[in-house]
Amino acid sequence: MSYTIGVTVEQDYPTTVEATRAALAEQGFGVLTEIDFARTLKDKLDVDVPAHIVLGACRPPLAHQALQVDPSVGTVLPCNVAVRDLGDGTTRVEAFDPDAMSRLAGDAFAPVAADAKERLQKALDSLG
């Protein structure tokens with residue numbers, strides 16, 4: 001069972017991170033949080049890993065709808081979008097599939113998940 005939607009692009013990592021931010025904004029998402037795995041793992045464990053960032057994307061109307069259905073869904077919000085460097089000018093962009101959230105929260109969450117997935121998929125498609 002897949003729990004992500006994603007796209008691999010023939011584009012360098014820094015350019016893809018900025019393009020991902022722009023694509024999310026175009027779909028009405030703001031970035032609330034940012035986790036730089038490469039920096040964190042270097043700082044905490046002194047290990048080197050390829051560039052990998054997670055953007056916590058939120059579209060407030062969708063978050064509000066989701067929380068109205070089930071306040072516990074806040075444990076999987078905001079929508080995480082990961083951007084990671086695959087090397088050789090190729091980058092992978094993945095988002096947690098809102099359908100997976102729907103499977104967790106039940107059928108009442110399906111309309112919110114469908115809207116979120118459509119918007120995230122459009123953002124990902126615009127990168128490829």
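Check the entry above for the structure.
Summary of the structure given here. Bear in mind that the values here come from a model prediction, so they are computed numbers and not experimental data.

### Some remarks on the overall build of the protein chain
Counting its secondary structure elements, the protein chain contains five helices and five strands. Against the 2.2 N^0.38 benchmark of 14 Å for 128 residues, the protein chain shows a C-alpha radius of gyration of 15 Å, consistent with a compact globule. Dimensions along the principal axes, computed over C-alpha positions, put the protein chain at roughly 40 × 30 × 30 Å. Long-range contacts, defined as pairs at least 24 residues apart, comprise 66% of the intrachain contacts of the protein chain with a sequence gap of at least 6. Taking the average place of the 11 positive charges on the side chains of the protein chain and the average place of its 19 negative ones, the gap between the two points comes to 3 Å.

### Side note on helix H5 (residues 110-127)
Here H5 is 18 residues long and its end C-alpha atoms lie 26 Å apart, about the 26 Å a rise of 1.5 Å per residue gives. Those residues of H5 not exposed but buried are Val 112, Ala 113, Ala 116, Leu 120, Ala 123, Leu 124 and Leu 127. Along the axis of H5, the buried positions cluster into a sector of 100 degrees, meaning they face one direction only. For H5, the exposed residues lying more than 90 degrees away from the buried face are Pro 111, Asp 125 and Ser 126. Contacts from the buried residues of H5 go to strand S1 (4-9), helix H1 (13-26), helix H3 (60-69), strand S4 (79-87), strand S5 (90-96) and helix H4 (98-105).

### Side note on the packing of H4 against H5
Viewed as axis vectors pointing N to C, H4 and H5 meet at an angle of 165 degrees, and their least axial separation amounts to 8 Å. Looking at the two axes, H4 sits roughly antiparallel to H5. H5 is crossed by H4, and the crossing has right-handed handedness. Contact with H4, carried on its side by Pro 98, Asp 99 and Ser 102, involves Ala 110, Ala 113, Ala 116, Lys 117 and Leu 120 of H5 and no other residues of that element. Looking at the contact of H4 with H5 residue by residue, the classes come out as five nonpolar, one polar and two charged.

Conventions adopted
- Residues numbered from 1 in each chain as written.
- Predicted model: local features only at pLDDT ≥ 70, side-chain atom pairs only at ≥ 80, totals over all residues.
- Heavy atoms only, no water.
- Helix = DSSP H or I, 4+ residues; strand = E, 2+ residues; numbered from the N terminus.
- Rg over C-alpha atoms; globule rule 2.2 N^0.38 Å.
- Contact = heavy atoms within 4.5 Å.
- Lys, Arg positive; Asp, Glu negative; His and termini not counted.
- Charge placed at Lys NZ, Arg CZ, Asp CG, Glu CD.
- Expected span 1.5 Å × (residues − 1).
- Buried < 20%, exposed > 50% of the residue type's maximum accessible area, 1.4 Å probe, protein only.
- Arc of directions from axis to C-beta.
- Axes fitted to C-alpha atoms, helices over the stretch in contact; angles between N-to-C directions.
- Parallel < 35°, antiparallel > 145°, perpendicular 65-115°, else oblique.
- Left-handed = near helix turned anticlockwise from the far one by under 90°.
- Nonpolar A, V, L, I, M, F, W, Y, C, P; charged D, E, K, R; others polar.

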